[in-house]
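Now for the letters of each chain:
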Amino acid sequence: MDLANMNQTDSPAQTGSALLSQPDPLEVGGVSLHNRLFLGTARYPAPSVLAEAVQAAQVQVLTVSLRRLAPEHQSGQAWWQRIQSLGAHLLPNTAGCHCAEEAITLAHMAREIFGTHWIKLEVIGDDYTLQPDPWDTVCATQTLVREGFAVFAYTTDDLVTALKLRDAGAAAIMPWAAPIGTGAGPRNLPALRTLRERLPDSVLVVDAGIGAPHHAAQVMELGYDAVLVNTAVAEAGDPVAMARAFALAVQSGRLSRRALPMREREVAQASTPLVGVPFWHQTPA
Amino acid sequence: MNVSAMPSSAKLQIQLNGEAVQTQSATLAGLLAERRFDATRAMACAVNRRFVPRGDWAQYALQPGDAIEVVSPVVGG
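Criteria and thresholds
Residues numbered from 1 in each chain as written. Chains lettered and ligands numbered in written order. Predicted model: local features only at pLDDT ≥ 70, side-chain atom pairs only at ≥ 80, totals over all residues. Heavy atoms only, no water. Patch = residues over 30% accessible without salt bridge, like charges linked within 9 Å, V, L, I, M, F, W, Y side chains within 5 Å. Areas by Shrake-Rupley, 256 points an atom, 1.4 Å probe, with all protein chains shown as cover. Salt bridge = Lys/Arg side-chain N within 4 Å of Asp/Glu carboxyl O. Helix = DSSP H or I, 4+ residues; strand = E, 2+ residues; numbered from the N terminus. Pairing = 2+ DSSP bridges. Buried < 20%, exposed > 50% of the residue type's maximum accessible area, 1.4 Å probe, protein only. Contact = heavy atoms within 4.5 Å. pLDDT = per-residue confidence, 0-100. 1 Å grid on protein atoms, 1.4 Å probe; cavity = no way out; pocket = protein on both sides within 12 Å on 5 of 7 lines; lining within 4 Å. Points joined across faces, edges and corners; volume = space filled by probe spheres on them. Nonpolar A, V, L, I, M, F, W, Y, C, P; charged D, E, K, R; others polar. Buried area = accessible area lost by both parts, 1.4 Å probe. Polar contact = N/O pair within 3.5 Å; in protein donor to acceptor, adjacent residues only side chain to side chain. Axes fitted to C-alpha atoms, helices over the stretch in contact; angles between N-to-C directions. Parallel < 35°, antiparallel > 145°, perpendicular 65-115°, else oblique. Left-handed = near helix turned anticlockwise from the far one by under 90°.

1. What about a nonpolar patch on the surface?
Right, so step 1: The grouping of L274, V277 and W280 of chain A at the surface amounts to a nonpolar patch, some 360 Å² of accessible area in total.
Right, so step 2: Within the secondary structure, V277 of chain A is located in the segment after α11 (239-258).

Set out below in structure tokens:
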């Protein structure tokens, strides 16, 4: 049997895939990233576990936050030094802010402390669902962009909010997959797909609600530029291994997107060639 | 406000990280020292929800009723 005739003549196996050798960096906030998994730093069993997870997944972007400082509380200093030693880009968030004014002030405090113009803008509109406030998020984005920040705006999957964030100059638009900390995975894939289609030139990062690596691969296959995960790694039985699993899933989903997945069909179509089927037109005994 | 004009014995009633406190300090830097904050640490300040850059702490004159926030890095998602 001629095996060559069984393969498509333009298959990557024969011609060599350019995709596998081409660099595929993500340009965002003035830097070029090769790893599209962003990692949160909260809820790990120990700081050493976070450090190992960062290493295992080769993470380049870590989210951090700011909270009230008590003078007698010294342990935070050691944690901060450890985070700095990891060498990742730090993305401070404004978690806990409930209006644009608070978020803008906290962004300025973060810029001074962390020495970065990146800010993960979170303005919460509802404490129960932790759903972001679209009005104040857009308003704060407009102000912060004018003030020189690269705004990574946490939002829902609402299209019009995302369009307004784009128009406000957000460096990245970060829709949720599901509410923060639920691990439910993408609850509205059609809405996420619409965002990708309607904002083809924006950096889109899925933030919140990712529970397992296959969720990450799924949104990367939709064409998202990156995924931000925290709880799903930190609360895994083995956070270090899970961090690696997420990095692989993000990489896999991204490569799949670029490799152009097949179109879904309504009916079955045999993958094995039909010509020369053994026993064809033989009467069963 | 003229900082030097404040008598050293005068006490200001302010809010510090959400708690009512009295201070004899006339400036933000003075308050931080009085409350034993280590100013060499990574921390940032806001007064009445407005950011006060570190370089302004020494000159920033406190007013009665000021709400001061002092924050430092923590883990976050």
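That covers the picture; the talk isn't over yet.
2. Some thoughts on the pairing of strand β5 (residues 67-75) of chain B
Right, so step 1: Of the strand pairs in this sheet, strand β4 (residues 61-68) of chain A and β5 of chain B are connected by five bridges, and their pairing is antiparallel. Looking at the pairing, L66 of chain A lines up with P73 of chain B of β5 of chain B.
Right, so step 2: Of the strand pairs in this sheet, strand β3 (residues 44-47) of chain B and β5 of chain B are connected by four bridges, and their pairing is antiparallel. Note on β5 of chain B: the bridge partner recorded for A44 of chain B is V71 of chain B.

3. Remarks on unusual backbone geometry
Right, so step 1: A positive phi angle, close to 55 degrees, is found at Q58 of chain A, a residue other than glycine.
Right, so step 2: The residue H281 of chain A is not glycine, and still its phi comes out positive at about 65 degrees.

4. Some points on the side chain of T105 of chain A
Right, so step 1: Here T105 of chain A is to be found in helix α5 (residues 100-114).
Right, so step 2: The buried category is assigned to T105 of chain A, whose relative accessible area is 11%.
Right, so step 3: Residues in contact with T105 of chain A, not counting those within four places in the same chain, are A46, R49, R50 and F51 of chain B.

5. Comments concerning the environment of S21 of chain A
Residues and elements named next belong to chain A.
Right, so step 1: Within the secondary structure, S21 sits in helix α2 (residues 18-21).
Right, so step 2: The class of S21 is exposed, set by a relative accessible area of 60%.
Right, so step 3: Each C-alpha atom of the pair S21 and A88 lies 25 Å from the other, and the pair is 67 residues apart in sequence.

6. Observations concerning the confidence of the model for chain A
Right, so step 1: Averaged over all residues, the pLDDT of chain A equals 92, while 94% of them reach at least 70.
Right, so step 2: Long-range and interchain partners of residues 1-10 of chain A, a stretch whose pLDDT sits below 50, account for six contacts in this model, where long-range means more than four residues apart.

7. As for the layout of surface pockets
Right, so step 1: Approximately 640 Å³ is the volume attributed to the largest pocket.
Right, so step 2: Forming the walls of the largest pocket are 32 residues, and the residues nearest its centre are I180, G181, N230 and T231 of chain A together with G77 of chain B.
Right, so step 3: Taken together, the residues of the lining of the largest pocket sort by class into 13 nonpolar, 13 polar and six charged.

8. Details of the interface of chain B and chain A
Right, so step 1: At the junction of the two partners, chain B supplies 26 residues and chain A supplies 30 residues.
Right, so step 2: Summed over both sides, the interface between chain B and chain A buries roughly 2,500 Å², with carbon and sulfur atoms accounting for 58% of that surface.
Right, so step 3: For the chain B face of the interface with chain A, the top three residues by lost area are R41, R49 and G77 of chain B, together amounting to 28%.
Right, so step 4: Across the chain B-chain A interface, the total number found is three salt bridges.
Right, so step 5: A salt bridge links E69 of chain B to R68 of chain A; its shortest N-O distance comes to 2.7 Å.
Right, so step 6: The tally of links between chain B and chain A comes to 15 residue pairs in polar contact (both at pLDDT 80 or more).

9. Quick word on the packing of helix α7 (residues 159-168) of chain A against helix α8 (residues 189-198) of chain A
Residue and element names in this part refer to chain A.
Right, so step 1: As a packed pair, α7 and α8 sit with axes 10 Å apart at the nearest point and diverge in direction by 30 degrees. Considering their axes alone, α7 and α8 lie roughly parallel with respect to each other. With respect to the hand of their crossing, α7 and α8 are arranged in right-handed fashion. Judged by residue contacts, L159, A162, L163 and R166 of α7 engage T194, L195 and R198 from α8.
Right, so step 2: Across the contact of α7 with α8, the residue classes break down as four nonpolar, one polar and two charged.

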